[in-house]
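Each chain, written out:
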Amino acid sequence: MSGAFDLILCLMILGTAGIALFVRDALAAIAFFIAFGNLMGLAWLSLGAVNVALAEIAIGAGVTGILLILARARLLALGDPVHSGDTPTWLWLGAFAACTSFAVLLAATVLSITPESGLDRVVAPLMPGLGIENRVTGVLLAFRAYDTLLESFVLLGALVAVWSLAPARAWPGRPAEPRMADGQMHQVAGASGRVLLPVALVMAAYLVWAGSDLPGGAFQAGTVLAGGLMLAAMGGAIGLPRSDRPLLRAALVLGPLVFLAIGLGGIAAGGFLIYPKGLAKALIVTIEYTLFLSIGVTLALLVAGPPVADSPVPDAGGNG
Amino acid sequence: MNLLGLLVAVPLGFMVAALLLRGSGRWLILAAAPVMAGLALWLALLPPGTTLLVGNWDLPLGILLRADGVARLMVLAGALVIGAIGLHALVDPPGGKDGGAATAETFWPLLYLMWAGANAGFLTTDLFNLYVTLEMVSLAAVALAAMGSLAAALRYFMIAMLGSLAYLLGVALLVANYNTVDVTLLAQVARLDLATVMALGLMTAALLIKAALFPMHGWLPPAHAAAPAPASALLSAIAVKLGFVILLRLWFEAFPAITGSAALHVLGGLGAAAVIYGSIQAMRQDRLKPLVAYSTVAQVGYLFLAFPLVAGAVEPSSAWAGMTLHGVAHMLAKAAMFLAAGLMLKAAAGDRIADLGGLAQAMPLTVTAFGLAAVSLMGLPPSGGFTAKFLLLSAAIEQGAFLYAGVLVVGGLLAAVYLFRALSACFAPLAGAGPDTASRGPVTGGVKAVAPLALAGLAIVMGFAGTALVDVSAIEVPWATPTVIQPEVAP
């Protein structure tokens, strides 16, 4: 892309970041943060990193944005002040000086590194053996599948960690309904949620399938599914499940478990996480589809938060 | 057939099973503890040079698992410690402040996640893979800390997050600079340039946070002191050790040619300061669990005090063994001490040290476990702590590093002061003893004291197995490879 476009993009990224930091109204700050995330996604796109761009927009802007909006609503309901307090000038100046010097040092470091992608030369000749085209998928699900396997358990563990915050009388219950307090907003969310969930499902399924050869894959698709589930829940189109529902537990562990089982099955073919010859693509696609489902459900429940008591207690959110 | 992957895969399988079994998942530890102990023992007895390329993808792209001395000892000690903590949690459930049902159930998947993460971290030589294992352990640790105090856990989470990001930034710089993040490959190509120094600085700072080395220890005492006893034991025994092991990989394996002696003495100096500061803080506590938590701050100090001693030695194996064995002995003794402290506080009138009066009569086995763990932490013979400190002390004297030698001796004395203070309180007569309480029998059955007693006993027995453990620790030491540790020129 042209230099002018890149320059404008960089200025807009800095501008939205600055406004998100300095604006006093929390809702405005969130709005600019989401805009910032989307612009960062464009920057990644402009650098040719399509997979990173998808992840940045879906998680950095989308999921985090929803999380911030829900957090603001929770704080408002608790009667907490949601605008930032006064920060002493010396702190601003100190933080500015520290961040600037770190940024300069980091920039000098990055510029000192000779740009060459030696790993790309290593990856390319290995791809035909897998039967897929997307090198990122090759790295995530073959060459570095072990990292991805462990990461899928980190995500599962994150949900367990959120659940561990549930108050004793709320366990095992449902998370707080992420309903919009405002009637009109609720209607909008309800209508769009009903429409968007099936669209999200189709889009996510396509992203997984395309992920073998084009940018996409289980993580991006899982985020899209999570977004659809969250919007549907916010509009009341679907309810949130109890944390002890067997079906829910099965959906959560399905992806990591299938991945682990295929990894252990590899021992028969010679070693942990070895794909038998000719089966690589089939196994990778199996892992990706199951993982996408589990990631989607896990992410949606992560945003929904820990179970809260059924009785209408205003501050039952694990706060305090 | 090479089964190194099982040490990671099996705990992950137990994590899934615990989630599926929900409330009954706690019983899985009856299978997990012996299975994991067996696997860890098998690992310790493997012939030297056992490695596994995961998925058979060659370096620099793939991930290498390797059973070196540190991995063998840490995985084995980890299996014994986590297994014992898990079995203990069956009889003394980590209910948290409100006896939380959520806590009692979610403790188990988190325990298995930490187990898998710790084993994966001890075995791998890949710095990005280590990042993932660091996340597994940190995530479980934060959640376990939150079972005691949400505020302390949130503080821990923030600083652990900062540490993770700094570490990841360092990994990114290294992969851009060298096209590999495997420590065995980095050792062959390491060069002194801005990117390497920056990466090493960022990663070291991040790992010092995770290992809670003074002055980055601030998050540890409130988090470790407030958590339920089995959670505290996991945090102090396992969570802080992974950061330390990764620092070993970075400083002694990947970049021994870069880390100058000045930098090593900075780490050693921080370690020495941690020993003194942590001990003094422990002496100043009037509640039991913060005392034990500050003792962790002090004990972590010894691990880093050993860095310049290992690097400066002509024949580094004995200082290396001292450092590794100290880590192992601390795992066993501190887990035992936290479990015993948890039982003692449940029986005592309050959480102050002065409230412990009469416990020596009421729960002799538990107090014995506390005492045996204290023997190892103080470094009295015979114990693993003594063997480790003896090795470090002789290395320090041999090199004429009398400052470090002095800290080793003084640290032991200070530990004696604060630990005997807690122990003697247990032997004091019951505070405000009435006629009914004076004659009370043992308040806990023997079963509850088994796990802390076994762990403390192992810390003592380590003192008799010194030679064998030193031999294991010497398997595939970094200086056996072509790179020789010669930290003479400061960068």
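What counts and how
- Residues numbered from 1 in each chain as written.
- Chains lettered and ligands numbered in written order.
- Predicted model: local features only at pLDDT ≥ 70, side-chain atom pairs only at ≥ 80, totals over all residues.
- Heavy atoms only, no water.
- pLDDT = per-residue confidence, 0-100.
- Helix = DSSP H or I, 4+ residues; strand = E, 2+ residues; numbered from the N terminus.
- 1 Å grid on protein atoms, 1.4 Å probe; cavity = no way out; pocket = protein on both sides within 12 Å on 5 of 7 lines; lining within 4 Å.
- Points joined across faces, edges and corners; volume = space filled by probe spheres on them.
- Nonpolar A, V, L, I, M, F, W, Y, C, P; charged D, E, K, R; others polar.
- Domains from an automatic or database assignment.
- Contact = heavy atoms within 4.5 Å.
- Buried area = accessible area lost by both parts, 1.4 Å probe.
- Salt bridge = Lys/Arg side-chain N within 4 Å of Asp/Glu carboxyl O.

Visitor: Any chance you could break down the confidence of the model for chain A for me, citing the residues and the numbers?
Guide: Close inspection of predicted coordinates is inappropriate in any region flagged by low pLDDT. Scored by pLDDT, chain A has a mean of 86; 94% of the residues are at 70 or more. Within chain A, helix α5 (residues 118-123) of chain A has the poorest average pLDDT of any element, 81, and helix α7 (residues 145-163) of chain A the best, 96.

Visitor: Give a description of the layout of surface pockets that names residues and reports values.
Guide: All names here are of chain B. Considered as a void within the structure, the second largest pocket measures approximately 510 Å³ in volume. Lining the second largest pocket are 25 residues, with A225, A226, A227, P228 and K289 sitting closest to its centre. Listing elements by their share of the lining of the second largest pocket, those giving two or more residues are α9 (220-226), α10 (229-254), α12 (288-312) and α13 (317-347). Element by element, the count of residues in the lining of the second largest pocket is highest for α9, at four residues. For the lining of the second largest pocket, the per-class residue count stands at 13 nonpolar, six polar and six charged. Here the lining of the second largest pocket spans two domains, and each of domain 1 (1-259) and domain 2 (261-481) adds at least three residues to it.

Visitor: Summarise the domain arrangement of chain B; cite the residues concerned and give the values.
Guide: Residues and elements named next belong to chain B. According to the domain assignment, chain B contains domain 1 (1-259) and domain 2 (261-481). Here the C-alpha centroids of domain 1 and domain 2 sit 21 Å apart. In this assembly, 51 residues from domain 1 lie in contact with 50 residues from domain 2. In this assembly, domain 1 packs against domain 2 so that about 4200 Å² is buried in total across both faces, 81% of it on carbon and sulfur atoms. When the buried surface of domain 1 facing domain 2 is broken down by residue, L73, F214 and F252 rank first, second and third, together holding 17% of it. The shortest N-O distance in the salt bridge between K346 and D92 comes to 2.3 Å. At the level of secondary structure, the elements contributing two or more residues to the side of domain 1 that touches domain 2 comprise α3 (69-91), α8 (194-211), α9 and α10. Ranked by the residues each element gives to the side of domain 1 that touches domain 2, the list is headed by α10, at 15 residues. Of the residues that constitute the side of domain 1 that touches domain 2, the class distribution is 34 nonpolar, 11 polar and six charged.

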